[in-house]
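Each chain, written out:
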Amino acid sequence: MNYFRSSLFFPVCLIILSLGAPLSYGDLAEEPPMNLTYHNGALLTGSITVNFIWYGNFTASQKSVFIDFINSLSDGYVKKEPSVATWWKTLNKYYDNTGISFPTLTLGKQIDDNSYSHGDSLNISDILPIASSGPQQNAINVVMTSADVGVEGFCISRCGLHGSGPGSSQNRFTYIWVGNSSTQCPGQCAWPFSQIDDGPSTAPLVPPNGEVGTDGMVVNLASLLAGTCTNPNGDGYFQGEPETPLEAATACPGIYGKRAFPGYAGDLLIDPATNASYNAYGVNNTQFLVPALFDLTMFGCATTV
């Protein structure tokens with residue numbers, strides 16, 4: 001089964017640079033667009049593997065958080081609600097009336113690049129070659145860069161990005177890059193687990209998996225996965241300019257629970273043992289914070305709590 005549904009051909013890679021942009025206080029809980037428009041292009045469909053390329057130094061415990069998150073996307077594995085799987089199914093509505101089936105995402109390969117094959121200071125042009133070490137079809141290849149790796153524009157204009165590799169729509173893979181901001185810019189790329197750089201002095205939330213950088217990466221990974229599935233080539237669902245689109249999650253910046261407002265993530269669940277804040281359960285008794293998704297039938301941002 002083809003994992004793209006599109007007649008378009010892109011001879012070079014497409015990078016959506018605006019996704020995973022750093023948060024500023026003015027971005028938080030801003031009004032969402034009236035709706036996201038479907039531009040009659042590609043959506044991911046069929047069976048898709050999510051493959052991790054661990055670029056740099058990641059511990060086994062850090063890797064397990066992201067692996068558990070991907071495994072939590074599948075319905076039936078998590079019995080407690082609100083769940084990551086229920087959050088993910090909000091995107092089902094993007095596929096209604098398109099004739100395209102909602103994709104099934106499963107954990108694929110893991111590739112270690114702890115030799116820093118492209119160095120510890122990456123250009124954006126390095127991301128695609130690194131991502132290309134993963135499978136080339138029916139795949140989302142996720143490049144995770146560790147806290148000691150610098151990436152062009154990281155913290156300044158982006159916390160991550162998604163794009164698609166070269167080739168026809170039937171022979172193209174998608175990719176995501178997410179950086180660990182723990183030592184570089186947690187106030188921009190790991191809010192609400194770190195105080196936002198240009199906002200009020202509100203106490204940061206306790207991360208559910210114990211690390212500001214790791215839990216911040218989960219939030220950005222979740223947002224980019226939503227954008228990858230519903231706008232993989234820049235001609236799917238978005239609002240605004242194709243080069244700077246608002247997508248399923250980025251249309252709802254800083255919103256994680258009901259009654260969110262600038263500087264306040266919303267009413268979240270609190271773990272009484274750790275005081276950690278979260279809004280979704282995952283496999284292996286994990287807890288995650290996932291971003292609000294724009295609900296096409298509600299014409300607004302939908303949260304799990």
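These figures come from a predicted structure and were not determined experimentally.

Thresholds applied
Residues numbered from 1 in each chain as written. Predicted model: local features only at pLDDT ≥ 70, side-chain atom pairs only at ≥ 80, totals over all residues. Heavy atoms only, no water. Axes fitted to C-alpha atoms, helices over the stretch in contact; angles between N-to-C directions. Helix = DSSP H or I, 4+ residues; strand = E, 2+ residues; numbered from the N terminus. Parallel < 35°, antiparallel > 145°, perpendicular 65-115°, else oblique. Left-handed = near helix turned anticlockwise from the far one by under 90°. Contact = heavy atoms within 4.5 Å. Nonpolar A, V, L, I, M, F, W, Y, C, P; charged D, E, K, R; others polar. Buried < 20%, exposed > 50% of the residue type's maximum accessible area, 1.4 Å probe, protein only. Polar contact = N/O pair within 3.5 Å; in protein donor to acceptor, adjacent residues only side chain to side chain. Phe/Tyr/Trp six-rings, centres within 6.5 Å; stacked < 30°, edge-to-face > 60°. Expected span 1.5 Å × (residues − 1). Disulfide = S-S within 2.5 Å. Core = buried A, V, L, I, M, F, W, Y, C linked by side-chain atoms within 4.5 Å. Salt bridge = Lys/Arg side-chain N within 4 Å of Asp/Glu carboxyl O.

### Describing the packing of helix α1 (residues 60-72) against helix α5 (residues 212-230)
Then comes step 1: Their axes nearest at 11 Å, the elements α1 and α5 cross at an angle of 30 degrees. By the angle between their directions, the pair α1 and α5 is classed as roughly parallel. The way α1 lies across α5 gives a crossing that is right-handed. Taking contact as the criterion, the partners of Q62, V65, F66, F69 and I70 in α1 are, on α5, T214, M217, V218, L221, A222 and L225.
Then comes step 2: Looking at the contact of α1 with α5, its residues break down into nine nonpolar, two polar and no charged.

### So, the environment of V305
Then comes step 1: Its place among the elements puts V305 in the segment after β18 (300-302).
Then comes step 2: For V305, a relative accessible area of 16% corresponds to the buried category.
Then comes step 3: Taking C-alpha positions, V305 is 6.1 Å from N279, a pair spaced 26 residues apart along the chain.
Then comes step 4: Each residue touching V305, except ones within four places of it in the same chain, is listed here: P82, Y256, G257, K258, D267, L268, L269 and N279.

### Details of the side chain of D295
Then comes step 1: Note on placement: D295 falls in strand β17 (residues 293-295).
Then comes step 2: Taking the relative accessible area as the measure of exposure, D295 reaches 3% and is therefore buried.
Then comes step 3: Only 2.7 Å separates the side chain of D295 from the side chain of K93, close enough to count as a polar contact.
Then comes step 4: At 2.6 Å, the side chain of D295 forms a polar contact with the side chain of T297.
Then comes step 5: With sequence-adjacent residues up to four places away left out, D295 is seen in contact with T90, K93, G300 and A302.

### A short note on the packing of aromatic side chains
Then comes step 1: Within this structure, the stated rule accounts for 17 aromatic pairs.
Then comes step 2: With centroids separated by 5.3 Å and ring planes inclined at 75 degrees, the aromatic side chains of F69 and F288 adopt a geometry described as edge-to-face. Of the two residues, F69 sits in helix α1 while F288 sits in strand β16 (residues 287-288), which places them 219 residues apart along the sequence. Each member of the pair, F69 as well as F288, is classed as buried.
Then comes step 3: Their ring planes at 75 degrees and their centres at 4.8 Å tell us that Y94 and Y237 sit as a pair that is edge-to-face. Placement of Y94 in the loop between α2 (84-88) and β5 (104-113) and of Y237 in strand β12 (residues 237-238) is noted, with a sequence separation of 143 residues between them. When sorted by exposure, Y94 lands in the same class as Y237, which is buried.
Then comes step 4: Ring pairs connect the aromatic residues F69, W87, W88, Y95, F102 and F288, which therefore count as one cluster.

### Looking at α1
Then comes step 1: The end-to-end C-alpha distance of α1, which contains 13 residues, comes to 18 Å, matching closely the 18 Å that a straight helix rising 1.5 Å per residue would cover.
Then comes step 2: Those residues of α1 not exposed but buried are Q62, K63, V65, F66, I67, D68, F69, I70 and S72.
Then comes step 3: Where α1 is buried, its residues touch β4 (47-55), α2, β5, β7 (139-145), α5 and β16.

### What about the state of the cysteines?
Then comes step 1: Enumeration over the complete set of coordinates arrives at three disulfides.
Then comes step 2: Disulfide partner of C252: C301, at an S-S distance of 2.1 Å. Between C252 and C301, the S-S dihedral sits near -95 degrees, and the bridge is therefore left-handed. Placement of the pair is C252 in the loop between β12 and β13 (269-270) and C301 in strand β18, with a sequence separation of 49 residues.
Then comes step 3: Listing the disulfide partners of the protein by sequence rank of the bonded cysteines yields 1-3, 2-4, 5-6.

### Describing the nonpolar core
Then comes step 1: Within the largest apolar cluster, 49 residues are counted, with the highest numbers of intra-cluster contacts made by F69, W88, L221 and L225.
Then comes step 2: Of all the secondary-structure elements, those providing two or more residues to this core are β4, α1, α2, β7, β11 (174-179), α5 and β17.
Then comes step 3: If you tally residues by element for this core, the top one is α5, at eight residues.
Then comes step 4: Excluding anything up to four places from it in sequence, W88 contacts L73, F102, L105, L225, A226 and C229.

### Structural notes on the pattern of salt bridges
Then comes step 1: One pass over the full model with this rule turns up three salt bridges.
Then comes step 2: Here D295 and K93 are joined by a salt bridge, their closest N and O atoms 2.7 Å apart. On the criterion of sequence distance, the pair formed by D295 in strand β17 and K93 in the loop between α2 and β5 is long-range, its members being 202 residues apart.
Then comes step 3: In this structure K93 comes out as partly exposed when scored by relative accessible area, which is 29%.

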